[in-house]
Amino acid sequence: RRDNFASRLKRASCCCILNLCVADMGDFDEKSGVIDCKTPWGCWYQTLDEVVAEVNLEPGTKAKEIKCKLTGKKLTTVVRGKEVMNGTLAGNVVTDDFIWTVEDHKLLRIVITKSDRTGRSCWPSLLEGQYQADPVVYDNMEKKMTLERVQREDLPAESI
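Scope of this entry: the structure provided in the associated data block.

What about the nonpolar core?
By size, the foremost hydrophobic cluster in this structure holds 33 residues, and its most contacted members are Trp 44, Met 85 and Leu 126. Breaking this core down by element, the ones donating at least two residues are β5 (50-56), β6 (66-71), β7 (74-79), β8 (82-88), β9 (93-103), β10 (107-114), β11 (125-127) and α2 (135-154). Sort the elements by how many residues they give to this core and β9 lands first, with four residues. Judged by nonpolar contacts, the second largest core, of five residues, contains Val 34, Tyr 45, Val 52 and Ile 99.

Have a look at this one:
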């Protein structure tokens, strides 16, 4: 898992780790087979390990125009002075393993690592009481995570 994270950073062209601007990720696509939950600002989805929020930006938006902060379980995102998200995450997270990137000056991707990566905890919403997955989307998220977990459990330990 860490190798995947490191490879994402190597391909970065403006990414921010713990709110320290480092670079911007270009053609990053780890979305194959994800089940997105649509929101007014874009979408969010989850895997066994992570929760990802994708915020559609006005073309030309730069990383310096974004404030994205994770404090404990509280996520706050402000773009060009306008609050996009503000609330408590729906599940437990690893607060020091948080990254946000601006891609092609039109997409903000926020990647948050879950503390429970067993796959037995499918988040019903991104934030408590906000951006809830509808029943069909939630059911599909659970199925996808169950499939991921089964595939992972079937792999030899050294390949994970």
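The structure having been displayed, the exposition proceeds.
Remarks on the packing of aromatic side chains
Within a pair of aromatic rings, the relevant descriptors are the distance that separates the centres and the angle that separates the planes. Counted according to the given criterion, the structure contains one aromatic pair. Taken together, a centroid distance of 5.1 Å and an interplanar angle of 80° make the contact between Trp 41 and Tyr 131 edge-to-face. One end of the pair, Trp 41, is in the loop between β3 (37-39) and β4 (42-46); the other, Tyr 131, is in strand β12 (residues 130-132), and 90 residues separate them in sequence.

Some words on the side chain of Gln 46
Here Gln 46 is to be found in strand β4. Of note is the side chain of Gln 46, whose polar atom sits 2.8 Å from the side chain of Lys 114. Within the structure, the side chain of Gln 46 is placed 2.9 Å from the backbone oxygen of Trp 123, a separation counted as a polar contact.

Description of the sheet that holds β7
Taken together, three strands build an open sheet; the order of strands is β6-β7-β8 and the sheet is antiparallel. In this open sheet, the two edge strands, each paired with only one partner strand, are β6 and β8. Going across the sheet, the axis of each strand differs from the next one's by a mean of 5°, ignoring polarity.

Details of the pattern of salt bridges
Summed over all chains, the structure comprises nine salt bridges. A salt bridge links Glu 65 to Arg 80; the shortest N-O distance between them is 3.1 Å. With Glu 65 in the loop between β5 and β6 and Arg 80 in the loop between β7 and β8, the pair connects residues that are 15 residues apart, well separated along the chain. Taking the relative accessible area as the measure of exposure, Arg 80 reaches 37% and is therefore partly exposed. A single network of salt bridges, built from pairs that share partners, joins Glu 54, Glu 103 and Arg 109.

Conventions adopted
- Residues numbered from 1 in each chain as written.
- Predicted model: local features only at pLDDT ≥ 70, side-chain atom pairs only at ≥ 80, totals over all residues.
- Heavy atoms only, no water.
- Core = buried A, V, L, I, M, F, W, Y, C linked by side-chain atoms within 4.5 Å.
- Buried < 20%, exposed > 50% of the residue type's maximum accessible area, 1.4 Å probe, protein only.
- Helix = DSSP H or I, 4+ residues; strand = E, 2+ residues; numbered from the N terminus.
- Phe/Tyr/Trp six-rings, centres within 6.5 Å; stacked < 30°, edge-to-face > 60°.
- Polar contact = N/O pair within 3.5 Å; in protein donor to acceptor, adjacent residues only side chain to side chain.
- Pairing = 2+ DSSP bridges.
- Axes fitted to C-alpha atoms, helices over the stretch in contact; angles between N-to-C directions.
- Salt bridge = Lys/Arg side-chain N within 4 Å of Asp/Glu carboxyl O.

The quantities given are spatial measurements derived from coordinates; they are silent on function.
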